[in-house]
Number of protein chains: 2
Amino acid sequence: MVQDVVLLDLWVSPYTARVKIALAEKGIEYESKEEDLRNKSSLLLETNPAYKKVPVLIHKGKPISESLIIVQYIDEFWNHKSPLLPSDPYERAHARFWADFVDQKIQAAIYRIFWAPSYSEEKEAAEKEFIECCKVIEGELGNKPYFGGETFGFVDIALIPSYSYFYAHERMGNLSLVEELPKLTAWVKRCLERETVAKSLADPHKIYEFVSEIRKQKGLE
Amino acid sequence: MVQDVVLLDLWVSPYTARVKIALAEKGIEYESKEEDLRNKSSLLLETNPAYKKVPVLIHKGKPISESLIIVQYIDEFWNHKSPLLPSDPYERAHARFWADFVDQKIQAAIYRIFWAPSYSEEKEAAEKEFIECCKVIEGELGNKPYFGGETFGFVDIALIPSYSYFYAHERMGNLSLVEELPKLTAWVKRCLERETVAKSLADPHKIYEFVSEIRKQKGLE
């Protein structure tokens, strides 16, 4: 609580991971409060009544929710180091577009894969959609080290937490990301070399166990 | 084309209306190119390959899509007058949250009403959800003249174009917005008094005719 920053957290959430990476990039210490989604805390219900979802960042007692909005807040409030968004208005719009694409397309496909029965047409279609969207964003990455160019930033933060789920879906499905997405795979490796990312992401093996367990419980395996 | 600004437009779209209001607030002239969604222009397909949707703002040859991202771009590029987002980082995050709420909740409910058969449980549920979300955002408005306080801004721009559809749904459904949402109704009136809004919104009566016609064609009436 050195800086009066509290994160309502959840280890499996790619959205809370975004916030953790952004805080780490800015060197901000915070208190993490792990939520139990089957028994949400009164603090979560009070601070995010509209969605009742993590992440919520509470800074000096004031709550902010929705991960990409929180990351922009972090970038604007702690603007003394490591800019996450570019300064040029067009480049900012471009970064916002691709971060939003991660939510609308890639994360959406990941959830469809998650909830589709094994060997179903539905699962196959979701996997196909997922790979297609990843190819689109790989096209946007091109030969740059990071989405914004030479430095790690907003779009990288939006996408890299999805990696924890890539591994689970690859292991359980008909996907080979290294073969299909060589540039994106190299980008994942590059991001994981950053301490701010490595310490903020959920362990893909634990996510695999989590996803397997849920799918077994729901009769999807 | 005085300022080399082109808008790929669609008269029925609440999303293109947001961009028109923002440009009007900044006093920027632009060329509007009306799209035909049954025969999308090659310019639309080229400038927004990810979604192939309006609005697209093309400024000095560079395209930007997704309405709330475009409005932020307009605010950041033409920052000499009429700030649309507040300058304080927390207030900015707060405005972004409510603008996003309009998309995730209010516009989503409007679309569910649009596509639900008359007198169906589905339609009734969507109308109920719509009113509940409107009450939430009316609570956020409170007794302020505009969402950001004394001046018209980002959240107002996000929400006011939905008004063109409120009228159609009220006339076709079991809704009375004046009774249920008195503060929001007063806010609508206040916004419509602004020339920037009045000249940018689709005529609610024409939207009503458009919605009725589509619903008849689809056998929903």
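All values reported here derive from a predicted model rather than from experimental measurement.

Peer 1: Could you clarify how one ought to interpret the overall build of chain A in this entry?
Peer 2: Each helix and strand in chain A was counted, giving 11 helices and 4 strands. Computed over its C-alpha atoms, the radius of gyration of chain A comes to 17 Å, within 12% of the 17 Å expected for a compact globule of 221 residues. Residues counted as buried form 54% of the 221 residues belonging to chain A. A sequence separation of at least 24 residues applies to 72% of the contacts in chain A between residues at least 6 apart. Summed over its atoms, the accessible surface of chain A is roughly 10300 Å², and 50% of this surface lies on carbon and sulfur atoms.

Peer 1: Even after reading the chapter, I still don't get the interface of chain B and chain A, so can you show me in this structure?
Peer 2: Put simply, an interface is often sized by how much accessible area is lost when its parts join up. Taken together, the contacts link 23 residues of chain B with 23 residues of chain A. When residues of chain B are sorted by the area they lose upon contact with chain A, Tyr51, Tyr90 and Phe97 of chain B head the list and together hold 28% of the total. Put simply, arginine 96 of chain B and glutamate 76 of chain A hold a salt bridge, and the shortest N to O gap is 3.1 Å. Here chain B is connected to chain A by 8 residue pairs in polar contact (both at pLDDT 80 or more). Of all the secondary structure elements, the ones that give two or more residues to the side of chain B that touches chain A are strand S4 (62–65), helix H3 (67–77) and helix H4 (89–114) of chain B. Counting residues per element, the side of chain B that touches chain A draws most heavily on H4 of chain B, at 10 residues. Its residues assigned to classes, the side of chain B that touches chain A comprises 12 nonpolar, 4 polar and 7 charged.

Peer 1: I'm lost on the pairing of strand S4 (residues 62–65) of chain A in this one. Help?
Peer 2: With 4 bridges connecting them, strand S3 (residues 56–59) of chain A and S4 of chain A associate as antiparallel partners. Of the residues in S4 of chain A, the one forming a bridge with histidine 59 of chain A is lysine 62 of chain A.

Peer 1: Help me understand the domain arrangement of chain A, please; the structure alone is not making it clear to me.
Peer 2: Residue and element names in this part refer to chain A. Segmentation of chain A into domains returns domain 1 (5–78) and domain 2 (89–218). Across the contact, 15 residues belong to domain 1 and 26 residues belong to domain 2. For the pair domain 1 and domain 2, the summed buried area comes to about 1700 Å², and 66% of that belongs to carbon and sulfur atoms. Summed over the three residues of domain 1 that lose the most area to domain 2, namely Trp11, Arg18 and Ile21, the buried surface amounts to 32% of that side. At the boundary of domain 1 and domain 2, one finds 2 salt bridges.

Peer 1: What am I meant to see in the UniProt feature "domain: GST C-terminal" (unreviewed entry) in chain A here?
Peer 2: Within this numbering scheme, the UniProt entry marks residues 88–220 of chain A as carrying the feature "domain: GST C-terminal" (unreviewed entry). Helix makes up 72% of residues 88–220 of chain A and strand 0%, with an end-to-end C-alpha separation of 46 Å.

Peer 1: What am I meant to see in the pattern of salt bridges here?
Peer 2: When charged atoms on two side chains of opposite charge get close, those side chains can pair. Enumeration according to the criterion identifies 23 salt bridges over all chains in this entry. Ionic pairing is found between aspartate 36 of chain A and arginine 38 of chain A, a salt bridge with its closest N-O pair at 3.7 Å. Among the residues examined, arginine 38 of chain A registers a relative accessible area of 81% and is labelled exposed. Look at the salt bridges and you will find they share partners, linking Glu76, Arg92 and Arg96 of chain A together with Glu76, Arg92 and Arg96 of chain B into a network.

Peer 1: Explanation requested: the relation of the copies chain B and chain A in the structure shown.
Peer 2: One copy of the chain maps onto the second through a rotation around an axis plus a translation along that axis. Least-squares fitting of chain B to chain A yields an RMSD of 0.0 Å, with the transformation described by 0.0 Å of translation along the axis and a rotation of 180°. This pairing of chains is accounted for by a two-fold axis. When the interface residues of chain B are mapped onto chain A, 100% of them are again interface residues, pointing to one common binding face.

Peer 1: Before we go on, may I ask you to explain the sheet that holds strand S2 (residues 31–34) of chain A in this structure?
Peer 2: Sheet strands line up and pair through hydrogen bonds in the backbone, either parallel or antiparallel. Residues and elements named next belong to chain A. Taken together, the 4 strands give an open sheet; going across it, the order is S2-S1-S3-S4, and neighbouring strands pair in mixed fashion. The strands lining the two open edges of the sheet, one partner per strand, are S2 and S4. Averaged over all adjacent pairs, the angle separating strand axes in this sheet is 20°, with direction ignored. Inspection of the sheet shows strand S1 (residues 5–9) paired to S3 by 4 bridges, in the antiparallel sense. Each bridged residue has a counterpart across the sheet, and for leucine 8 the counterpart in S3 is valine 56.

Peer 1: Where do I start with the packing of aromatic side chains in this structure?
Peer 2: We describe a pair of aromatic rings using the distance from one ring centre to the other and the angle between the two ring planes. Applying the stated rule across the entire model yields 30 aromatic pairs over all chains. An angle of 75° between the planes, with centres 5.8 Å apart, marks the rings of tryptophan 11 of chain B and phenylalanine 210 of chain B as edge-to-face. Of this pair, tryptophan 11 of chain B sits in the loop between strand S1 (5–9) and helix H1 (14–26) while phenylalanine 210 of chain B sits in helix H11 (residues 204–217), and the two are 199 residues apart along the sequence. The class for phenylalanine 210 of chain B is partly exposed, based on a relative accessible area of 24%. Each residue in the set Tyr51 of chain A together with Phe97, Trp98 and Phe101 of chain B is aromatic and connected to the rest through ring pairs, giving one cluster. Of note, lysine 62 of chain A hangs over the ring of tyrosine 90 of chain B, and the distance from its end group to the ring centre comes to 4.4 Å.

Rules behind the numbers
Residues numbered from 1 in each chain as written. Chains lettered and ligands numbered in written order. Predicted model: local features only at pLDDT ≥ 70, side-chain atom pairs only at ≥ 80, totals over all residues. Heavy atoms only, no water. Helix = DSSP H or I, 4+ residues; strand = E, 2+ residues; numbered from the N terminus. Rg over C-alpha atoms; globule rule 2.2 N^0.38 Å. Buried < 20%, exposed > 50% of the residue type's maximum accessible area, 1.4 Å probe, protein only. Contact = heavy atoms within 4.5 Å. Areas by Shrake-Rupley, 256 points an atom, 1.4 Å probe, with all protein chains shown as cover. Buried area = accessible area lost by both parts, 1.4 Å probe. Salt bridge = Lys/Arg side-chain N within 4 Å of Asp/Glu carboxyl O. Polar contact = N/O pair within 3.5 Å; in protein donor to acceptor, adjacent residues only side chain to side chain. Nonpolar A, V, L, I, M, F, W, Y, C, P; charged D, E, K, R; others polar. Pairing = 2+ DSSP bridges. Domains from an automatic or database assignment. UniProt positions renumbered as here; feature names shortened; annotations may be inferred. Least-squares fit on C-alpha atoms with pLDDT ≥ 70 in both. Axes fitted to C-alpha atoms, helices over the stretch in contact; angles between N-to-C directions. Phe/Tyr/Trp six-rings, centres within 6.5 Å; stacked < 30°, edge-to-face > 60°. Lys NZ or Arg CZ within 6 Å of the ring centre and 35° of its normal.

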